[in-house]
Amino acid sequence: MKTVNYYTLALGLLGAAKLILDAFGMNLITDESANAIANGVAALLSVIGVYTNHQKEQ
């Protein structure tokens, strides 16, 4: 039986949420250089989250 791997799913969703909030003007990080780094990490997590298999063997 396969179960959901919530760790990989949560990382992908958190990255996507950060990018979506920034797109709507809700900047959580006010420092521009730190925000740029956070956006890069969030984009990477979002892409990894899309391609990762979120099921694990039990």
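Residues numbered from 1 in each chain as written. Predicted model: local features only at pLDDT ≥ 70, side-chain atom pairs only at ≥ 80, totals over all residues. Heavy atoms only, no water.

Regarding helix α2 (residues 32-51)
Filter applied, for reference: Labels follow the DSSP assignment, with helices taken as runs of H or I lasting at least four residues and strands as runs of E lasting at least two, numbered in each case from the N terminus. Here the expected length of a helix is defined as 1.5 Å per residue gap, with one fewer gap than residues. Buried, partly exposed and exposed residues are distinguished by accessible area as a fraction of the type maximum, computed with a 1.4 Å probe on protein chains only: under 20%, between the cut-offs, and over 50%, respectively. Relevant arc is that of directions from the helix axis to the C-beta atoms, nothing else. We call two residues in contact whenever any of their non-hydrogen atoms come within 4.5 Å of each other.
In this model α2 runs 29 Å from its N-terminal to its C-terminal C-alpha over 20 residues, within 8% of the 28 Å that 1.5 Å per residue would give. Taken together, the buried positions of α2 are Asn-35, Ala-38, Ala-42, Ser-46 and Gly-49. Axial view of α2: buried residues confined to an arc of 75°, hence all on one face. Facing away from the buried side of α2 by more than 90 degrees, the exposed set consists of Ile-37, Leu-44 and Tyr-51. In the core, the buried residues of α2 are packed alongside α1 (6-23).

Describing the UniProt feature "transmembrane region" (unreviewed entry) in the protein
Using the following cut-off: UniProt positions are given in the numbering used here, feature names are shortened, and annotations may be inferred rather than shown by experiment.
Mapped onto this numbering, the UniProt entry gives "transmembrane region" (unreviewed entry) at residues 6-24 and 36-54. Strand forms 0% of residues 6-24 and helix 95%; the C-alpha atoms that close the span are 26 Å apart. The distance separating the terminal C-alpha atoms of residues 36-54 is 28 Å; by composition the span is 84% helix and 0% strand.

Let's talk about the packing of α1 against α2
How two helices sit against one another is set out by the angle between their axes and by the gap between those axes. Rule in force here: In this analysis an axis means a line fitted to C-alpha atoms, helices contributing only their contacting stretch, and an angle means the value between N-to-C directions, from 0 to 180 degrees. Oblique is the label for any angle not covered by the other classes, which are roughly parallel (under 35 degrees), roughly antiparallel (over 145) and roughly perpendicular (65 to 115). Should the near helix be turned anticlockwise from the far one by less than a right angle, the crossing is termed left-handed; should it be turned clockwise, right-handed. Residue type decides the class: Asp, Glu, Lys and Arg count as charged, Ala, Val, Leu, Ile, Met, Phe, Trp, Tyr, Cys and Pro as nonpolar, and the leftover types, Gly among them, as polar.
Packing of α1 against α2 brings their axes to within 7 Å, and their N-to-C directions diverge by 135°. Judged by the angle between their axes, α1 and α2 are oblique. With respect to the hand of their crossing, α1 and α2 are arranged in left-handed fashion. For the pair α1 and α2, the contacting residues are Leu-11, Gly-12, Gly-15, Ala-16, Lys-18, Leu-19 and Asp-22 in the first and Asn-35, Ala-38, Asn-39, Ala-42, Ala-43, Leu-45, Ser-46 and Gly-49 in the second. Split by residue class, the contact of α1 with α2 holds seven nonpolar, six polar and two charged.

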